[in-house]
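Next come the chains, spelled out residue by residue.
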Amino acid sequence: MAEMQTLDLELGATSGTLPGTASRQRIESIALGTAAIVLLLLIWELAPHFLPIKAGTRLFFTVPSRIFATLWEMFSTGSIWAPLGVSAAAFAIGLALAIAAGLPLGILLGRSKTMNAMLDPFVTAFNATPRLVFLPLLMLWLGIGMWSKIAIVFLGAVFPLLINTHEGVRNADKVLINVVRSFGASEWDVARLVILPNSLPFIVVGVRLAIGRAILGVVVAEFFGAQDGLGVVMVRAASSFNVDIVFAGLIIFAGLSLIMTGLVRLLEERTSRWRPQRAANE
Amino acid sequence: MATQPSVLSGFIGRHRNAVLGGAAVALFFAAWQAIFLVVPFNPLFITKPSLIAAGLLDLVESGDLFHDLAVSAVPFFLGLFGAVVIGVPVGMVMGRRVRIGYALDPLMTVFYASPLVALAPLLVIFFGVGLPGKTIIVFSLAVFPFVFNACAGVRAVDHLLVNVVRSLGGRERDVYLKILLPSVLPYIIAGARIAVGRALIGVLVGEFFAASEGIGYAITRFADIFAVDRMFACILTVMVIAIALTEGIRWAERTAFPWRFGQ
């Protein structure tokens, strides 16, 4: 998790030169990025006109214009809202449970060396294993439907949260903790005054990773064991060769994932903005 | 002179974390085995470690386990290999050529952020339920960590080094082979750790969906026939493999590039 975070930072850090150059670079990057996407869509759209496509392939071939038409139709007729709502509920409940369990556990593991040593094998094991492997088991236990979905979302989202919280708590400044302790603070005060503010940026990164995992969890859970939800709509469409709907669903999932991670990234910048300044004041 | 007990306590002191962790795992399995002395045992839904061990032994002896693992390993490694071969050069060019980076960055981000697993049903229709379908699912999930990490690695390279090579008459090829490739190596291995996890997801998705053999298929089949002990044996096998792969790569990172773990 920590590696992902540093890599992201390095990706974001483009060479900071003169302000004029920077804004021109920014415009250029946006223009080129958009151009590439538009070009890809154009090639895809025009490909059937230039390449001979066999009748068999045509059955599950589609072009962007048809996908967007389907997407528009799903939204304008409102047929999308019911399955999307089901998926969103599983996502939200699973993520909320993951936050409710991951944060306290992460703080506990960060504060207690013994607990950390004891639980570390389990955390490592579950984090390394694709949570998908438990899906058949969860379906056996919880049945096909909402709860096995929530359980998969929870299992996927809880570990990034736990690990990042743990990392943030461990990185809390020992001097600050000792100062607060010297003034007679209880363990609760230490957590509230030093550890929580210090680990907040880590927690927010954890939330961002957890959102990605949670969406993945919703998708796979709905693919294999659910009666309704956007994923179910997609699988049914795929098995009846309705490729447009599959791509439309993918776009919705990707869009939601990008929007939510983008919002959290804003929060990330907001929560870590004061850091260097405070360091300078000290 | 160290007497017997103090040697033991010295050992515990030195390997405190490992001892505590091992004890916790042992305690967990012991509690799992013991709880059915109190709680009624329903073999349709739950199993106990002794039965899992028996099931595992059974699967190993019949050779089914190794057969399924071997079947799953082929698309896993093929997909991962393809992801390295394609992902690393693309990422390096994206990092080196600023404009190509600008052009491809948003596209790659969209692909990386979207749950590509969602395309699995389509890929299965396109490429069939066998090896090609699974390999392509694995590839499409595993390629992006390599792209992004190779790109980040190239961007982090000291420009002075590049300039030195160019001043001494090195061509673009020399820059790539002599500077960029060696310096992105740690990033690629860090990316491999993420990619392995995603590749495992790819194999499982492919096999849950439509397959007639493989470890993922074995898990769903045992779930369908309520053979909980053998299902757990397969799940634990997957867990052990996943841990071995991720921790193995982590170990390789630490031994090959110790300066990246300065903490």
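The shown structure was predicted, so the numbers you read here are calculated from the model rather than taken from an experiment. (Residues numbered from 1 in each chain as written. Chains lettered and ligands numbered in written order. Predicted model: local features only at pLDDT ≥ 70, side-chain atom pairs only at ≥ 80, totals over all residues.)

With that out of the way, let us pick up the overall build of chain B. Within chain B, the secondary structure is distributed over eleven helices and zero strands. Mapped in sequence order, the helices and strands of chain B form the string α-α-α-α-α-α-α-α-α-α-α. Overall, chain B is about 75 × 70 × 30 Å in size when its C-alpha atoms are taken along their principal axes. Of all 263 residues assigned to chain B, the portion counted as buried reaches 40%. (Helix = DSSP H or I, 4+ residues; strand = E, 2+ residues; numbered from the N terminus. Buried ≥ 20, exposed ≤ 12 C-beta atoms within 10 Å, placed from the backbone.)

A few words on the overall build of chain A. Helix and strand counts for chain A stand at 13 helices and zero strands. Traced from its N-terminal end to its C-terminal end, chain A shows the element sequence α-α-α-α-α-α-α-α-α-α-α-α-α. Burial statistics for chain A: of 282 residues in total, 38% are counted as buried. Excluding contacts between residues fewer than 6 apart, the proportion of contacts in chain A whose partners are at least 24 apart in sequence is 76%. (Contact = placed C-beta atoms within 7 Å.)

Right, let's get into the environment of Arg96(B). All names here are of chain B. With respect to the secondary-structure elements, Arg 96 resides in helix H4 (residues 64-96). Overall, the presence of 19 C-beta atoms within 10 Å leaves Arg 96 in the partly exposed class. Here Arg 96 is in contact with Val 154 and Leu 180, once residues within four sequence places are set aside.

Take the domain arrangement of chain A next. On domain assignment, one finds that chain A holds domain 1 (13-52) and domain 2 (62-281). One C-alpha centre belongs to domain 1 of chain A, the other to domain 2 of chain A, and the line joining them spans 30 Å. (Domains from an automatic or database assignment.)

This paragraph deals with the interface of chain A and chain B. Contacts between the two partners involve 49 residues from chain A and, on the opposite side, 47 residues from chain B. Of all the secondary-structure elements, those providing two or more residues to the side of chain A that touches chain B are helix H1 (2-12), helix H2 (19-50), helix H6 (113-128), helix H7 (135-142), helix H10 (187-224), helix H11 (230-239) and helix H12 (243-272) of chain A. Looking at the side of chain A that touches chain B, its residues break down into 36 nonpolar, nine polar and four charged. (Nonpolar A, V, L, I, M, F, W, Y, C, P; charged D, E, K, R; others polar.)

Looking now at the packing of H7(A) against helix H8 (residues 146-170) of chain A. All names here are of chain A. Interhelical geometry of H7 versus H8 gives an angle of 140° and a closest axis separation of 8 Å. Our classification of the angle between H7 and H8 gives oblique. Here H7 and H8 pass one another in a crossing that is right-handed. Contacts between H7 and H8 pair Leu 135, Leu 138, Met 139 and Leu 142 from the former with Trp 147, Ser 148, Ala 151 and Ile 152 from the latter. Residues belonging to the contact of H7 with H8 are distributed by class as follows: seven nonpolar, one polar and no charged. (Axes fitted to C-alpha atoms, helices over the stretch in contact; angles between N-to-C directions. Parallel < 35°, antiparallel > 145°, perpendicular 65-115°, else oblique. Left-handed = near helix turned anticlockwise from the far one by under 90°.)

Residue and element names in this part refer to chain A. Mean pLDDT over chain A works out to 82, with 87% of the residues at or above the 70 mark. The lowest-confidence element of chain A is H1, averaging 39 in pLDDT; the highest-confidence one is helix H5 (residues 81-111), averaging 91. The low-confidence segment residues 1-17 (pLDDT under 50) makes 19 contacts with residues lying over four places distant or belonging to another chain. (pLDDT = per-residue confidence, 0-100.)

Here we come to the packing of H5(A) against H8(A). All names here are of chain A. Where H5 meets H8, the closest approach of the two axes is 6 Å, and the angle between their N-to-C directions is 30°. Accordingly, the angle class assigned to the pair H5 and H8 is roughly parallel. Taken as a pair, H5 and H8 cross one another with a handedness that is right-handed. Here the residues of the contact of H5 with H8 are counted per class, giving 21 nonpolar, six polar and three charged.

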